[in-house]
Amino acid sequence: MAKLLSCVLGPRLYKIYRERDSERAPSGVPETPTSVTTPPSSSWASVFWSISYYSSPFAFFYLYRKGYLSLSKVVPFSHYAGTLLLLLAGVACLRGIGRWTNPQYRQFITILEATHRNQSAENKRQLANYNFDFKSWPVDFHWEEPSSRKESRGGPSRQGVALLRPEPLHRGTADTLLNRVKKLPCQITSYLVAHTLGRRMLYPGSVYLLQKALMPMLLQGQARLVEECNGRRAKLLACDGNEIDTMFVDRRGTAESQGQKLVICCEGNAGFYEVGCVSTPLEAGYSVLGWNHPGFAGSTGVPFPQNEANAMDVVVQFAIHRLGFQPQDIIIYAWSIGGFTATWAAMSYPDISAVILDASFDDLVPLALKVMPDSWRGLVTRTVRQHLNLNNAEQLCRYQGPVLLIRRTKDEIITTTVPEDIMSNRGNDLLLKLLQYRYPRVMAEEGLRVVRQWLEASSQLEEASIYSRWEVEEDWCLSVLRSYQAEHGPDFPWTVGEDMSADGRRQLALFLAQKYLHNFEATHCTPLPAQNFQIPWHL
C-alpha cells in the first residue's frame with residue numbers, strides 16, 4: 001500500500017537513459033533509451049492551471065461586473081468545482097495505479113526513496129539513469145557546505161551575496177520623511193512593473209508556457225548531454241533557498257589539454273543549458289559546467305539580479321569545492337544577458353582564469369529605453385535601477401584578469417537603433433568603458449577617437465584598413481606594456497601612455513582594442529563556432 005501511495009504522489013518520469021560506457025546500469029534498465037510519457041490529462045491540467053493563474057485577476061473582475069460573485073451564484077458554482085476536483089483526484093489515482101503496474105516506474109521510485117534516505121555514491125549513480133521532475137531530485141550541494149563559509153562571517157547570508165548598488169538618482173537631496181512619502185507612489189509603481197511585466201520581458205525563459213512549449217527540446221538536449229557527453233546533473237541549494245539545476249561534463253580524463261580547464265556557462269534570457277551556449281566549449285574540448293537561471297526549467301525562484309548572483313555564487317562554490325577545480329583553472333563564458341552573472345563572478349572571484357563575454361552589453365537602461373515608449377523614460381530608468389540593475393561594465397571593471405569581448409556585427413538585440421548601425425551596439429560601450437578604466441592615459445582624446453573609428457568597421461577588411469592606416473607596430477606595443485608591467489605591477493588602472501606622443505597612444509589604443517574585442521559576423525542568436533572560442537589575450 002505504501003508503494004502504491006508513493007506511485008500516486010511520485011514525480012513524473014520523463015526518460016530512462018541508455019547504459020553509458022563508464023557505468024553499469026541498474027538491473028532492469030534497458031540498454032536503449034526509453035521514454036516515459038505523461039498522461040495527456042495531466043499535461044493539459046498543468047497548462048490549464050497556468051493559464052488560469054495568469055488570467056485569474058481578469059476573470060474575477062469579469063465575474064464581479066456580471067454579478068456572479070453573489071452568494072446565490074457562488075453556491076451552485078462550488079458544486080461544479082467540487083465535481084471537477086473529484087474528477088482530477090480520480091485521474092491522479094488512475095495515474096498512480098498505472099505507475100504501480102509499471103515495473104520500471106516501481107524500480108525508479110525505489111531508487112529515488114533510497115537516495116533520499118542515503119545519498120551514497122551507488123544510489124546517486126543509479127538515480128542518474130533517470131530523467132524526472134527535478135523538484136524531487138535530492139540536493140547535491142549546499143551553499144554553506146564549504147568549511148570556509150561556515151567559519152567566515154563575511155560570506156553571503158540568507159539575504160544574498162553582495163551587489164553593487166546604484167547611486168541615488170538625485171544626489172545631495174535630503175532623505176527626509178516628506179521626500180520618502182513623495183517617492184512612495186513611484187516606488188510602488190516601479191515595484192509592480194518590475195515584478196509583473198518587466199521581469200517577464202527581461203527573462204522570457206522564466207514564463208511557464210514557454211518552458212512547456214520547449215520541453216521536448218530540453219529533454220532531448222539533456223539526453224544528449226548525459227548519454228553522449230557523460231554529463232552529470234546536480235541540484236545546488238543557493239543562500240536564498242533557490243534550487244539551481246546544473247549539468248557538468250568532465251573532460252579531465254581525456255588527452256586534450258583543454259579538458260583541465262572548466263568553462264562555466266551563463267545563458268541568455270531565454271537560454272537553457274540543455275540547448276544553450278554550452279555546446280561551444282564542449283566542441284572545443286573543455287570541461288563544462290552549465291546551469292539554468294532561477295525560474296528556468298529545473299531551477300526554482302525568479303530571475304532578479306540578487307537571485308541571479310546568489311545562483312552564480314553557489315555554482316562557483318560547487319565548481320571549486322565539489323568538482324575540485326582551482327579558480328585559476330576556471331573560465332567564465334557568457335552569452336547575452338548572462339554577462340551580468342559572469343561579470344559578478346569575475347568581480348567576486350578575482351582569481352578566476354578569464355572571462356569571455358559573447359554578444360553582451362554594458363548596461364540595461366539604454367536597451368530598456370529602446371523598446372519602451374519615450375514618455376515612460378523616467379519610470380523605465382527608475383525601475384531598472386531599483387529592481388533590474390544589470391550593470392555589467394561596472395562589475396567588469398572590478399576584475400583584473402584577461403577579458404575577451406565578442407561582438408556580433410549583425411546583432412539585432414543589443415543595438416539601440418537598427419542591426420545595420422554597428423555603432424549602436426552596446427558591446428562597443430562595454431569595450432570603451434573597460435579600456436578607459438584600465439588604460440585611462442591611452443584612452444584619452446586621441447586614443448578614444450581612433451578606437452571609435454575602428455569600431456565603426458563592419459568587416460575584417462575595414463578593420464585591417466584602419467589598423468594599417470595608423471601603422472600599428474605590435475612588437476613596440478608589447479614591449480611598452482611589458483616594461484610598464486615589470487616596473488609597476490599588473491594591477492589596473494595603468495598610467496601607461498602618460499608621457500607618450502599622440503601617435504603612440506593611437507597605436508596602443510588600437511592594439512588593445514583588437515586584443516580585447518573580436519568580431520563575429522552573425523546575428524544575436526547564431527551559435528558561436530568552436531573555432532571562435534579563444535582564451536583571452538594577456539601579457
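Refer to the structure above for everything that follows.
What counts, and where the lines are drawn
Residues numbered from 1 in each chain as written. Predicted model: local features only at pLDDT ≥ 70, side-chain atom pairs only at ≥ 80, totals over all residues. Heavy atoms only, no water. Helix = DSSP H or I, 4+ residues; strand = E, 2+ residues; numbered from the N terminus. Buried < 20%, exposed > 50% of the residue type's maximum accessible area, 1.4 Å probe, protein only. Contact = heavy atoms within 4.5 Å. Areas by Shrake-Rupley, 256 points an atom, 1.4 Å probe, with all protein chains shown as cover. Axes fitted to C-alpha atoms, helices over the stretch in contact; angles between N-to-C directions. Parallel < 35°, antiparallel > 145°, perpendicular 65-115°, else oblique. Left-handed = near helix turned anticlockwise from the far one by under 90°. Nonpolar A, V, L, I, M, F, W, Y, C, P; charged D, E, K, R; others polar. Phe/Tyr/Trp six-rings, centres within 6.5 Å; stacked < 30°, edge-to-face > 60°. Lys NZ or Arg CZ within 6 Å of the ring centre and 35° of its normal. Polar contact = N/O pair within 3.5 Å; in protein donor to acceptor, adjacent residues only side chain to side chain. Pairing = 2+ DSSP bridges. Core = buried A, V, L, I, M, F, W, Y, C linked by side-chain atoms within 4.5 Å. Salt bridge = Lys/Arg side-chain N within 4 Å of Asp/Glu carboxyl O.

1. A short note on the overall build of the chain
Point 1. Looking only at helices and strands, the chain has 19 helices and 12 strands in total.
Point 2. Counting over 539 residues, the chain shows a buried share of 48%.
Point 3. Looking at the chain alone, contacts between residues at least 24 apart form 73% of all its contacts between residues at least 6 apart.
Point 4. Surface summary for the chain: the accessible area is close to 26,500 Å², and the carbon and sulfur share equals 57%.

2. As for the packing of helix α15 (residues 426-438) against helix α19 (residues 502-516)
Point 1. The interhelical angle for the contact between α15 and α19, taken along N-to-C directions, is 125°, at an axis separation of 11 Å. It follows that α15 is oblique to α19 by the angle criterion. Crossing geometry of α15 relative to α19 is assigned as right-handed. Contacts between α15 and α19 pair Leu 431, Leu 434, Leu 435 and Arg 438 from the former with Leu 512, Ala 513 and Tyr 516 from the latter.
Point 2. Tallied by class, residues from the contact of α15 with α19 come to six nonpolar, no polar and one charged.

3. Description of the packing of aromatic side chains
Each aromatic ring pair is summarised here by two numbers: the centre-to-centre distance and the angle between the ring planes.
Point 1. One pass over the structure, following the stated rule, counts 19 aromatic pairs.
Point 2. Ring plane angle 70° and centroid distance 6.3 Å describe the contact between Tyr 516 and Trp 537, whose orientation is recorded as edge-to-face. Of the two residues, Tyr 516 is situated in helix α19 and Trp 537 in the segment after β12 (517-520); the sequence distance between them amounts to 21 residues.
Point 3. Members of the aromatic cluster, joined through ring pairs, are Tyr 439, Tyr 484, Phe 492, Trp 494, Phe 511, Tyr 516 and Trp 537.
Point 4. We note Arg 233 situated over the ring of Trp 137; from NZ or CZ to the ring centre the distance is 5.8 Å.
Point 5. Lying across the ring of Phe 134, Lys 235 places its NZ or CZ 5.2 Å from the centre.

4. A closer look at unusual backbone geometry
Point 1. Of note, the bond from Phe 492 into Pro 493 is cis; its omega dihedral lies within 30 degrees of zero at 5°.
Point 2. Inspection of the secondary structure puts Pro 493 in the loop between α18 (474-488) and α19.
Point 3. For Ala 359, which is not glycine, the phi torsion reads 55° and is therefore positive.
Point 4. Examined against the element boundaries, Ala 359 turns out to sit in the loop between β10 (354-358) and α12 (364-371).

5. Overview of the side chain of Asp 363
Point 1. You can see Asp 363 is positioned in the loop between β10 and α12.
Point 2. Using a relative accessible area of 11% as the deciding quantity, one classes Asp 363 as buried.
Point 3. Within the local environment of Asp 363, its side chain forms a polar contact with the side chain of Arg 385, the two groups lying 2.7 Å apart.
Point 4. The contacts of Asp 363, once residues within four sequence positions are left out, are Arg 385, Asn 389, Leu 390 and Asn 391.

6. As for the sheet that holds strand β11 (residues 403-408)
Point 1. Judged by pairing direction, the sheet is mixed, and its nine strands sit side by side in the order β4-β5-β6-β8-β7-β9-β10-β11-β12 without closing on themselves. Each edge of the open sheet is held by one strand with a lone partner, namely β4 (141-142) and β12.
Point 2. As paired strands, strand β5 (residues 232-237) and strand β6 (residues 243-249) are joined by six bridges and run antiparallel to one another. Across the sheet, residue Leu 237 finds its bridge partner in β6, namely Glu 243.
Point 3. Lying on the sheet, helix α10 (residues 305-321) is in contact with β4, β5, β6, β7 (262-266), β8 (287-291) and β9 (330-335); it crosses β8 at an angle near 150°.

7. Quick look at the nonpolar core
Point 1. Ranked by internal contacts, the top residues of the largest apolar core, which has 98 residues, are Ile 264 and Ile 332.
Point 2. Per element, the largest residue contribution to this core is eight residues, and it comes from α10.
Point 3. If sequence neighbours within four positions are ignored, Ile 264 has contacts with Leu 289, Trp 291, Met 312, Val 315, Val 316, Ala 319, Ile 330, Ile 331, Ile 332 and Tyr 333.
Point 4. Residues Met 247, Val 249, Cys 265 and Ala 530 belong to the second largest nonpolar core, which totals 29 residues.

8. Thoughts on the pattern of salt bridges
Point 1. In this structure the tally under the stated criterion is 17 salt bridges.
Point 2. Ionic pairing is found between Glu 145 and Arg 322, a salt bridge with its closest N-O pair at 2.4 Å. Linking Glu 145 in the loop between β4 and α6 (147-151) with Arg 322 in the loop between α10 and β9, this pair joins segments that are 177 residues apart in sequence.
Point 3. Between Glu 445 and Arg 449 there is a salt bridge, and its shortest N-O distance comes to 2.8 Å.

Treat this as a map of the structure, not an account of what it does.
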